[in-house]
Amino acid sequence: MAPTKVLTGARVVLPTGTVDDGRVIVEGTRITDTAPGDAETVDLSGHWLVPGFVDIHNHGGGGASFTGGTPEDVLKAVRTHREHGTTTVVASAVTGDLDFLARHAGMLAELAQQGDIAGIHFEGPFISPCRKGAHDEELLRDPDPAEVRKLIDAAHGHAVMMTLATELPGGLDSVRLLVEHGVIAAVGHTDATYEQTVAAIDAGATVATHLFNAMPVLGHRAPGPIAALLQDQRVTVELINDGTHLHPAALQLAFRHAGADRVAFITDAMDAAGFGDGRYML
């Protein structure tokens, strides 16, 4: 029989809010509602007890990358984030040669099949050179639905999200293709107008890739994608809440407008995460 532990004293985070001086009983790897008399008590006073974090946008960690790494590298990155409380990771791939991305997706699909990662997120190569961020501009391309389908097929059912600059030629058709195949279409690394972003949402896009970052600023005459993504209840907005990517006022603006149900805090981590200072190539 698995050992039982009673976790006491922590501030426990629940779907309905937080509970001070909480009590959680764990039998092996499962939460249960009863404890035997000889159960070990663990005092967590002064600490928080939270569910495992789910990171839907993560490129690696521990010195290893999800994009170019071996299976062992991917598992190393997963372990690094587990040490920091992330129990579910979507492996995000950055822009690369299309054939390379397809081959690499096959490897990631095997790890997804084993349950090591929750799926694959393609961030690029179908993004705007105007808002490329750290992506290699020479490898960027318009979102041709045939090429989008190639990556979907290469993932063997484990592609869960793709970030697109939906204003580019083929963008809206690619959004529709993704939706048809059960893959989340995300608007990001985009130079779209407000109207173009509304059209992408109406076509089926449901995620804003790191809102505010790698897209036009919110303007009072040209509100751009930020206003369209924030105002539509169908859209989940990613926010990089690391104290660097967003000013606290921008973070609060998005959170108060979209609400907790539509906000996903992400790391957007790279291989340097959890590994220390140094020189890295994304």
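A brief structural summary. Per chain, residues are indexed from 1 in the order of the written sequence. Thresholds applied to this predicted model are a pLDDT of at least 70 for local features of residues and 80 or more for the giving and counting of side-chain atom pairs; totals over whole chains, interfaces and linings are not thresholded and use all residues. Excluded from the side-chain calculation are hydrogens and water; included are all heavy atoms of the structure.

**What about the sheet that holds strand β2 (residues 11–14)?**
One bridge is not enough; two strands pair if DSSP finds at least two bridges between them. Here a strand is any run of E in DSSP of at least two residues, a helix any run of H or I of at least four, and the numbering for each starts at the N terminus. Pairing within the open sheet is mixed, and its 3 strands lie in the order β3-β2-β7. Edge strands, defined here as strands with exactly one partner in the open sheet, are β3 (17–19) and β7 (48–49). The pairing of β2 with β7 spans 2 bridges and is classified as parallel. Counterpart to Arg11 in the pairing with β7 is Trp48.

**Let's talk about the sheet that holds strand β5 (residues 30–32)**
Within the open sheet, the 4 strands sit side by side as β5-β4-β1-β6. Their pairing is mixed. In this open sheet, the two strands that pair with only one neighbour each are β5 and β6 (40–43). With strand direction ignored, the average angle separating the axes of adjacent strands in the sheet is 35 degrees. The axes are straight lines fitted to the C-alpha atoms, using for helices just the contacting stretch, and the angles between their N-to-C directions are given from 0 to 180°.

**Section: the pairing of strand β12 (residues 120–123)**
What you see with β12 is no split at all: Ile120 and Phe122 on one side and His121 and Glu123 on the other are buried throughout. As defined by bridge partners, strand β11 (residues 86–93) adjoins β12 across 3 bridges and the pair is classed as parallel. Looking across to β12, one finds that Ser92 is bridged to His121. Crossovers are described as right-handed under a simple rule: with the strands pointing away from the observer, the path leading from the first strand over the helix to the second runs clockwise. Taken together, β11, helix α2 (residues 98–114) and β12 constitute a β-α-β crossover, and its handedness is right-handed. Of the pairings in the sheet, the one linking β12 to strand β13 (residues 159–164) comprises 4 bridges and is parallel in character. Within β13, the position partnered with His121 by the bridge is Met161. With helix α3 (residues 145–154) bridging β12 and its parallel neighbour β13, the resulting β-α-β unit is right-handed. Type-normalised accessible area, obtained with a 1.4 Å probe on protein chains alone, sets the label of each residue: buried when under 20%, exposed when over 50%, and partly exposed for intermediate values.

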